[in-house]
Amino acid sequence: MLVVDCHGICEPRNPGGMMAFGIHVSRLIDEIFDPERSIQYGPLFSFGSVLFSGKGAINHVADYYAIVAALKWLIENKITGEEIHLRSSNKICINQITGTYRIGAPYLWPLCKRVQLLLKNLKAVHLHWVGKGENQFAREAAIAAFMNYRSLYQNRKFDRKAFEEAEEVRLRLLQELN
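Computed from a prediction, not measured in an experiment: that's the story for all the values here.

Notes on the overall build of the protein chain
Across its full length, the protein chain carries five helices and five strands. Put simply, the protein chain runs from its N terminus to its C terminus through helices and strands in the order β-β-β-α-β-α-α-β-α-α. When burial is assessed residue by residue, the protein chain has 46% of its 178 residues classed as buried.

Comments concerning the side chain of His-7
Inspection of the secondary structure puts His-7 in strand E1 (residues 2–11). Within the structure, the side chain of His-7 is placed 2.8 Å from the side chain of Arg-139, a separation counted as a polar contact. Each residue touching His-7, except ones within four places of it in the same chain, is listed here: Ala-20, Phe-21, Gly-22, Asp-63, Ala-66, Ser-89, Lys-132, Asn-135, Ala-138, Arg-139 and Ala-142.

Things to note about the environment of Ile-84
Among the secondary structure elements, Ile-84 is positioned in strand E4 (residues 83–88). Residue Ile-84 is classed as buried on the basis of its relative accessible area, which comes to 0%. Note: C-alpha distance between Ile-84 and His-126 (42 residues apart in sequence) is 6.2 Å. Ignoring any residue separated from it by four or fewer positions in sequence, one finds Ile-84 in contact with Leu-2, Val-4, Leu-74, Ile-79, Leu-122, Ala-124, Val-125 and His-126.

Some words on the pairing of E4
Burial within E4 is extensive, with five of its six residues counted as buried. Sheet topology places E1 next to E4; five bridges connect them, and they run parallel. Across the sheet, residue Val-4 finds its bridge partner in E4, namely Leu-86.

Concerning the pairing of E1
The buried fraction of E1 is high, at 10 of 10 residues. Sheet analysis places E1 next to strand E2 (residues 18–28), joined by 10 bridges and oriented antiparallel. Looking across to E2, one finds that Val-4 is bridged to Val-25. Hairpin geometry of E1 and E2 is characterised by an intervening segment of six residues between the two adjacent antiparallel strands and by a positive phi of about 95 degrees at Gly-16.

Comments concerning unusual backbone geometry
The residue after Glu-11, namely Pro-12, is reached through a cis peptide bond having omega 0 degrees. By secondary structure assignment, the location of Pro-12 is in the loop between E1 and E2. The linkage connecting Asn-14 with the following residue, Pro-15, adopts the cis geometry, with an omega of 5 degrees. Checked against the element boundaries, Pro-15 lands in the loop between E1 and E2. A positive phi is found at Lys-78, a non-glycine position, where the angle reads about 55 degrees. Turning to its location among the elements, Lys-78 is positioned in the loop between helix H1 (59–76) and E4. Judged by relative accessible area, Lys-78 falls into the exposed class, the value being 72%.

Cut-offs used in this document
- Residues numbered from 1 in each chain as written.
- Predicted model: local features only at pLDDT ≥ 70, side-chain atom pairs only at ≥ 80, totals over all residues.
- Heavy atoms only, no water.
- Helix = DSSP H or I, 4+ residues; strand = E, 2+ residues; numbered from the N terminus.
- Buried < 20%, exposed > 50% of the residue type's maximum accessible area, 1.4 Å probe, protein only.
- Polar contact = N/O pair within 3.5 Å; in protein donor to acceptor, adjacent residues only side chain to side chain.
- Contact = heavy atoms within 4.5 Å.
- Pairing = 2+ DSSP bridges.

Just distances and angles here, no functional claims.
What follows is the structure, given as structure tokens:
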């Protein structure tokens, strides 16, 4: 049984900031699955990536991209027959995917439909909403991707103001984990 944690961020402002996501895949060690505990898993894979910024950048979109990336990784690695518990801290995304919530924003329709199509390729996927602290490895991967992009690519020359702003965001995000 696999546990797949997904997390998306839009920083330093939401909406309109830079979107990044992280995923963390673990194999269940205990016999009993508890979606609210993260200490019972052996890690297999963590990944973070930056998406885009500006118009259309919002945390819900980043969370959908995290879920899409996780499902695509499972399919590409032929992990389609195992029982999978996919966890996200975005309650709206999880409930839109399951049909509990309607999709009000038109830009979320294609992302939700893409997730639903990808889910058809997997045998048994259980979707769970969890608090931000319960998918901290995916959150850390998203933060790391954001920070790496911010420090390496966005500012070709060293920009003290941008560095300090990014450092403030990093510290705030890390404080939220605790």
